[in-house]
Amino acid sequence: MYLSFKLSVRFTKRVYLLTLKRYFCGNLKETMETNKTFTMIKPDAVANGHIGAILDHIIKGGFKITAMKYLWLTPEKAGQFYAVHSARPFYNDLVTFMSSGPIVAAILEKDNAVEDFRKLIGATDPAKAEPGTIRNLFAKSIDANAVHGSDSDENAQIEGNFYFSAFEKF
Ligand code: IDP
Ligand code: MG
């Protein structure tokens, strides 16, 4: 009798914990957006007069712009944005390049946004980017490669929040 009571308490506890886990973890997953990505038109593409052509490409690729601004990063801000690459040999050059002139930062919306946008921009090295991709069309080198595109839903959210407050996203 006592044993069956103990087992039943244990069972009820387990069901309760599983329900809690499903509720909170399920909700966490559901709140991670999969239809947003973040981009920057980098200083090389801005200096070469490609803002309009790149935005046209993005819009024709099926992306909606939900936030956008034109700004010039300080080295400190560029360093913060690319902190994830701080151990890579090209980090200092990347920070210098990204703070060398104005950029356009934008949040883009589309189903499967992160993956589709990476396809639209092409490989990091423009020499390896598929014909017709933004980097193939507008970039000249692996460091000055015209555009940034987030690599995951989580980073898209972090990167968008780096530039835009809730009042600047529509
Ligand atoms: P991604 O922009 O295609 O995601 P990452 O590996 O995340 O590429 O690198 C971030 C940025 O750092 C690149 O877009 C490029 O500007 C620069 N970068 C990446 N690899 C190299 C390299 O080998 N030499 C110089 N710059 C690089
Ligand atoms: Mg990257």
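Computed from a prediction, not measured in an experiment: that's the story for all the values here.

Enquirer: With reference to specific residues and values, describe the sheet that holds strand β4 (residues 147-149).
Expert: What the four strands build is an open sheet, ordered β2-β3-β1-β4; its pairing is antiparallel. At either end of the open sheet lies a strand with only one pairing partner, and these are β2 (64-71) and β4. Pairs of neighbouring strands in the sheet enclose a mean axial angle of 15°, with direction left out of account. Relative to β4, strand β1 (residues 36-41) is paired through three bridges, and the arrangement is antiparallel. Bridge pairing in β4 links threonine 39 to glycine 149.

Enquirer: Could you give me a rundown of the layout of surface pockets, with the residues and numbers involved?
Expert: By volume, the largest pocket amounts to about 620 Å³. What lines the largest pocket is a set of 24 residues, and nearest its centre among them are Tyr82, His85, Phe90, Leu94 and His148. Listing elements by their share of the lining of the largest pocket, those giving two or more residues are α4 (75-81), α5 (91-98), β4 and α8 (153-163). When residues in the lining of the largest pocket are grouped by element, the largest group, four residues, is from α8. The residue makeup of the lining of the largest pocket, split by class, is eight nonpolar, eight polar and eight charged.

Enquirer: Would you mind going over the environment of glycine 49 in detail, with residue names and values included?
Expert: Relative to the assigned elements, glycine 49 resides in the loop between α2 (43-47) and α3 (51-60). On the basis of relative accessible area, glycine 49 is assigned to the exposed category, the value being 59%. For the pair glycine 49 and phenylalanine 138, spaced 89 residues apart in sequence, the C-alpha to C-alpha distance is 9.9 Å.

Enquirer: Quick one: what's the story with the confidence of the model for the protein, residue by residue and with numbers?
Expert: Across the protein, the average pLDDT comes to 90, with 82% of residues at or above 70. Ranking the elements of the protein by mean pLDDT puts helix α1 (residues 2-31) last, at 54, and strand β3 (residues 103-109) first, at 99.

Enquirer: An account of the site of ligand 1 is requested, with residue identities and associated values reported.
Expert: What surrounds ligand 1 is the set Lys42, His85, Arg88, Phe90, Leu94, Arg118, Thr124, Arg135, Ile142, Asp143 and Asn145. Here lysine 42 contributes a side-chain N or O atom positioned 2.9 Å from an oxygen atom of ligand 1. Taking aspartate 143, its main chain carries an N or O atom lying 3.0 Å from an oxygen atom of ligand 1. Of all the cavities here, the one that holds ligand 1 is the largest pocket. For the shell around ligand 1, the residue count by class is three nonpolar, three polar and five charged.

Parameters and conventions
- Residues numbered from 1 in each chain as written.
- Chains lettered and ligands numbered in written order.
- Predicted model: local features only at pLDDT ≥ 70, side-chain atom pairs only at ≥ 80, totals over all residues.
- Heavy atoms only, no water.
- Pairing = 2+ DSSP bridges.
- Helix = DSSP H or I, 4+ residues; strand = E, 2+ residues; numbered from the N terminus.
- Axes fitted to C-alpha atoms, helices over the stretch in contact; angles between N-to-C directions.
- 1 Å grid on protein atoms, 1.4 Å probe; cavity = no way out; pocket = protein on both sides within 12 Å on 5 of 7 lines; lining within 4 Å.
- Points joined across faces, edges and corners; volume = space filled by probe spheres on them.
- Nonpolar A, V, L, I, M, F, W, Y, C, P; charged D, E, K, R; others polar.
- Buried < 20%, exposed > 50% of the residue type's maximum accessible area, 1.4 Å probe, protein only.
- pLDDT = per-residue confidence, 0-100.
- Near = heavy atom within 4 Å.
- Polar contact = N/O pair within 3.5 Å; in protein donor to acceptor, adjacent residues only side chain to side chain.
- Sits in = over half its atoms within 2 Å of the grid points.

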